[in-house]
Amino acid sequence: MTIMNRRGFLDAAGAAVLAGLSTRMASAAPSERIRHALIGTGGRGSAHARQFSEFEDCEIVAVCDVDPVRREGFAQRLPNTARVAVHEDYRRVLDDLDIDTVSIATPDHWHTLIALAALQAGKHVYVEKPGSHNINEAWLLCEAAAASGKCVQFGTQGRSNTSFHEAVSFMREGNLGKVRMAKAINHQHRKPIGREPESDPPDGVNYDLWLGPAPVHPFTRNRWHYNWHWFWDYGNGDIANDGIHQIDQARWGLDVGMPNAVAASGCQLYYQDDHETPDTQTVIYEYDGCHLLYEMRLWTDYPLEGHDNGVIFYGDRGKMEFGRSGATATFIDGEQKSFGNIGGMGEHVRNFLDCVKADTPTALQGLMCEGALSAALCHLGNIATRVGRKLTVDPETWQCVNDVEAAALYAREYRAGYELPQIKEAAG
């Protein structure tokens, strides 16, 4: 494909989507009790079920998954089992006019397609990170979310944490002096997956629907539950799986958007198995006046460098650390200031439900366009890793400058019958 900027891509591939969304007939506002559906019942889907079920003004009324064992077992564990519809195909969920909101917790290669279809159906959307499989999808979903007038919450739940908000404000007020670097750290031990032969899919699984827009490939157990993250056709490696939380928080704290340049290196130093994505990766994002460094190791345990996965901001007067225990500033003289503990996903879900009920999408803590920016950084890190050279980026257009090979990784082909939704204008 030729190198194109954001507007060029949208003119070429997304105009019908945006036109349809901006003129679509408004659907009815949700009642006092929101009717919610879960699409995808793996680990993140289970977390969604726990959090959405916590609130009395929300009821899970439908679940969807291509795995019959997962979806049936999942529905049986919900508190209102008798009132839960169970579906194999996400389109049946979107056909239900009584459903107000949906969660998308599928593999990455389905995120944007289902989110666009949900907006087309008039639903509010909570989409798990990274929300897109590539940069073009991130652009399109950002624009579509804004045009729809619906609430689209991106699953970087740290954005709803009070501790982080206070810490970001503290840095913005200059209390750390000039902050010139943030390091986003993703270190953990993810076990090898071994090698799995081609085989038949599990009984009752609609494997063609699971593949969806991805190329046809024979089923293997390693391209299935969770391990799909490590294959380029379906996932984006751990930078977009777990590292996106740290990259998003680092970008937030630095108050930056798209970088001027991206340099990266990644490989497998640990795995000797079916993994396609790196187990070790370092990415440098260059901005005017600061750098954002991403460091990933999937062969070390959490308790390193004084904390687990997190972000360190380096300023003239000291450093600020974001971690699972909250945010802490440490000054050059040794004095510390703590901003409290980090909350869970519940704050993010509560913010989403409140915005849906009040019809205030701009009050979302996880705005889709902020999420799209952070996802694009993850995608750029992977692109720079895969082409093996530094990328020059136009921050305004998101264009990768004068690099046809890199630009080819901005998008993908969609299998017939699983193309991006083209949303028609509503009659009248």
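Just so it is clear, the model here is predicted, and its values are computed rather than measured.

Student: What am I meant to see in a nonpolar patch on the surface here?
Tutor: A surface patch of nonpolar side chains, amounting to about 300 Å² of accessible area, comprises Leu-269, Tyr-270 and Trp-299. Positionally, Leu-269 belongs in the loop between β8 (261-267) and β9 (280-287). For Leu-269, a relative accessible area of 58% puts it in the exposed group.

Student: I'm lost on the pattern of salt bridges in this one. Help?
Tutor: Two side chains carrying opposite charge are able to pair once their charged atoms lie near each other. Using the criterion set out here, one finds 28 salt bridges in the structure. One salt bridge connects Lys-357 with Asp-57, and the closest N-O pair in it is separated by 3.0 Å. Here the residue Lys-357 occupies a position in helix α11 (residues 346-358), and Asp-57 occupies one in the loop between α2 (43-53) and β2 (58-64), the gap between them amounting to 300 residues. On the basis of relative accessible area, Asp-57 is assigned to the buried category, the value being 15%. For the salt bridge of Arg-180 with Asp-316, the shortest nitrogen-to-oxygen distance reads 2.5 Å. A residue pair is termed long-range when its members are at least 10 positions apart, and Arg-180 in strand β7 (residues 179-187) and Asp-316 in the loop between β11 (310-315) and β12 (318-323) qualify at 136 residues.

Student: Please explain the sheet that holds β11 as it appears in this structure.
Tutor: In a beta sheet, neighbouring strands pair by backbone hydrogen bonds and run either parallel or antiparallel. Judged by pairing direction, the sheet is mixed, and its 9 strands sit side by side in the order β14-β13-β12-β11-β7-β10-β9-β8-β15 without closing on themselves. If you trace the sheet from one side to the other, it starts and ends with β14 (336-338) and β15 (391-392), each paired once. Judged from the 7 bridges that link them, β8 and β9 form a sheet pairing that is antiparallel. Bridging from a neighbouring strand, Gly-266 pairs with Gln-281 of β9. Helix-sheet contacts for helix α10 (residues 243-254) involve β7, β9, β10 (290-297), β11 and β12, and the interaxial angle to β7 is about 170°.

Student: Please explain the sheet that holds strand β3 (residues 85-87) as it appears in this structure.
Tutor: Taken in spatial order, the 6 strands line up as β3-β2-β1-β4-β5-β6 in an open sheet, and their pairing is parallel. Among the strands making up the open sheet, the edge pair consists of β3 and β6 (152-154). Going across the sheet, the axis of each strand differs from the next one's by a mean of 20°, ignoring polarity. Across the sheet, α11 lies against β1 (34-39), β2, β4 (101-104), β5 (124-127) and β6, angled at about 165° from β5, the strand it touches most.

Student: Honestly, the nonpolar core in this entry has me stumped. Any pointers?
Tutor: Nonpolar side chains in soluble globular proteins generally cluster together in the buried interior. Val-102, Val-125, Tyr-285, Phe-313, Met-320, Phe-322 and Leu-391 are the most contacted members of the largest nonpolar core, which has 101 residues in total. In terms of residues, this core owes the most to one element, helix α12 (residues 368-387), which gives 11 residues. Sequence-distant contacts of Val-102, defined by excluding residues within four places in its chain, comprise His-36, Ala-37, Ile-39, Val-93, Leu-94, Ala-118, Lys-123, His-124, Val-125 and Tyr-126. Core analysis: the second largest hydrophobic core is formed by 22 residues, Ile-34, Tyr-126, Met-345 and Phe-352 among them.

Student: Please explain the packing of helix α6 (residues 135-148) against α12 as it appears in this structure.
Tutor: Angle between the axes and distance between the axes: these two values describe a pair of packed helices. Axis separation between α6 and α12 bottoms out at 9 Å; the angle between their running directions is 175°. The angle between α6 and α12 places the two elements in the roughly antiparallel class. Only Met-368, Cys-369, Ala-372, Ala-376, His-379, Leu-380 and Ile-383 of α12 make contact with α6, whose side of the interface consists of Ile-135, Ala-138, Leu-141, Cys-142 and Ala-145.

Student: Looking at this structure, I do not really get the state of the cysteines. What am I missing?
Tutor: Throughout this description, disulfide means a covalent bond between two cysteine sulfur atoms. For the structure on display, the rule yields 1 disulfide. The disulfide bridge from Cys-142 ends at Cys-369, spanning 1.8 Å between sulfur atoms. Residues Cys-142 and Cys-369 are joined through a disulfide that is right-handed, its torsion about the S-S bond being 95°. Of this pair, Cys-142 sits in helix α6 while Cys-369 is found in helix α12, placing the two residues 227 residues apart along the sequence. Distance from the sulfur of Cys-378, which forms no disulfide, to the nearest cysteine sulfur (Cys-142) is 15 Å. No disulfide involves Cys-400; its sulfur sits 16 Å from that of Cys-378, the nearest cysteine. Given a relative accessible area of 1%, Cys-400 falls into the buried group.

Student: Quick question: what am I supposed to make of α2 here?
Tutor: Side chains of residues three or four places apart in an α-helix project in the same direction, reflecting 3.6 residues per turn. Where α2 is concerned, the buried positions are Gly-45, Ala-47, His-48, Ala-49, Gln-51 and Phe-52. For α2, the secondary structure elements touched by its buried residues are β1, β2, α3 (68-77), β4, β5 and α11.

Student: I keep staring at the pairing of β7 and nothing clicks. Help me out?
Tutor: Walk down a regular strand and you will see the side chains alternate between the two sheet faces. Among the 9 residues that make up β7, 7 are buried, leaving the element largely enclosed by the rest of the structure. Pairing between β7 and β11: 6 bridges, direction antiparallel. Within β11, the position partnered with Lys-183 by the bridge is Ile-312. Here 7 bridges tie β7 to β10, and the two strands are oriented parallel to one another. Paired with His-187 across the bridge in β10 is Arg-297.

Student: Would you mind showing me how to read the pairing of β9 here?
Tutor: Pairing of β9 with β10 involves 8 bridges; the strand directions are antiparallel. Looking across to β10, one finds that Tyr-285 is bridged to Leu-292. With antiparallel pairing between neighbouring strands as the criterion, β9 and β10 make up a hairpin whose turn holds 2 residues, including Gly-289 at a positive phi of roughly 90°.

Student: What is the right way to read the packing of aromatic side chains from this model?
Tutor: Counted by the stated rule, this structure contains 18 aromatic pairs. Their ring planes at 45° and their centres at 5.2 Å tell us that Tyr-270 and Tyr-271 sit as a pair that is tilted. The partly exposed category is assigned to Tyr-270, whose relative accessible area is 32%. On the basis of relative accessibility, which here comes to 0%, the residue Tyr-271 falls in the buried class. One cation-aromatic arrangement involves Lys-337 over Phe-339; the distance from NZ or CZ to the ring centre is 5.3 Å. Directly above the ring of Phe-55 sits Arg-350, whose terminal nitrogen or CZ lies 4.8 Å from the centroid.

Quick notes on the rules
Residues numbered from 1 in each chain as written. Predicted model: local features only at pLDDT ≥ 70, side-chain atom pairs only at ≥ 80, totals over all residues. Heavy atoms only, no water. Patch = residues over 30% accessible without salt bridge, like charges linked within 9 Å, V, L, I, M, F, W, Y side chains within 5 Å. Areas by Shrake-Rupley, 256 points an atom, 1.4 Å probe, with all protein chains shown as cover. Salt bridge = Lys/Arg side-chain N within 4 Å of Asp/Glu carboxyl O. Helix = DSSP H or I, 4+ residues; strand = E, 2+ residues; numbered from the N terminus. Buried < 20%, exposed > 50% of the residue type's maximum accessible area, 1.4 Å probe, protein only. Pairing = 2+ DSSP bridges. Contact = heavy atoms within 4.5 Å. Axes fitted to C-alpha atoms, helices over the stretch in contact; angles between N-to-C directions. Core = buried A, V, L, I, M, F, W, Y, C linked by side-chain atoms within 4.5 Å. Parallel < 35°, antiparallel > 145°, perpendicular 65-115°, else oblique. Disulfide = S-S within 2.5 Å. Phe/Tyr/Trp six-rings, centres within 6.5 Å; stacked < 30°, edge-to-face > 60°. Lys NZ or Arg CZ within 6 Å of the ring centre and 35° of its normal.

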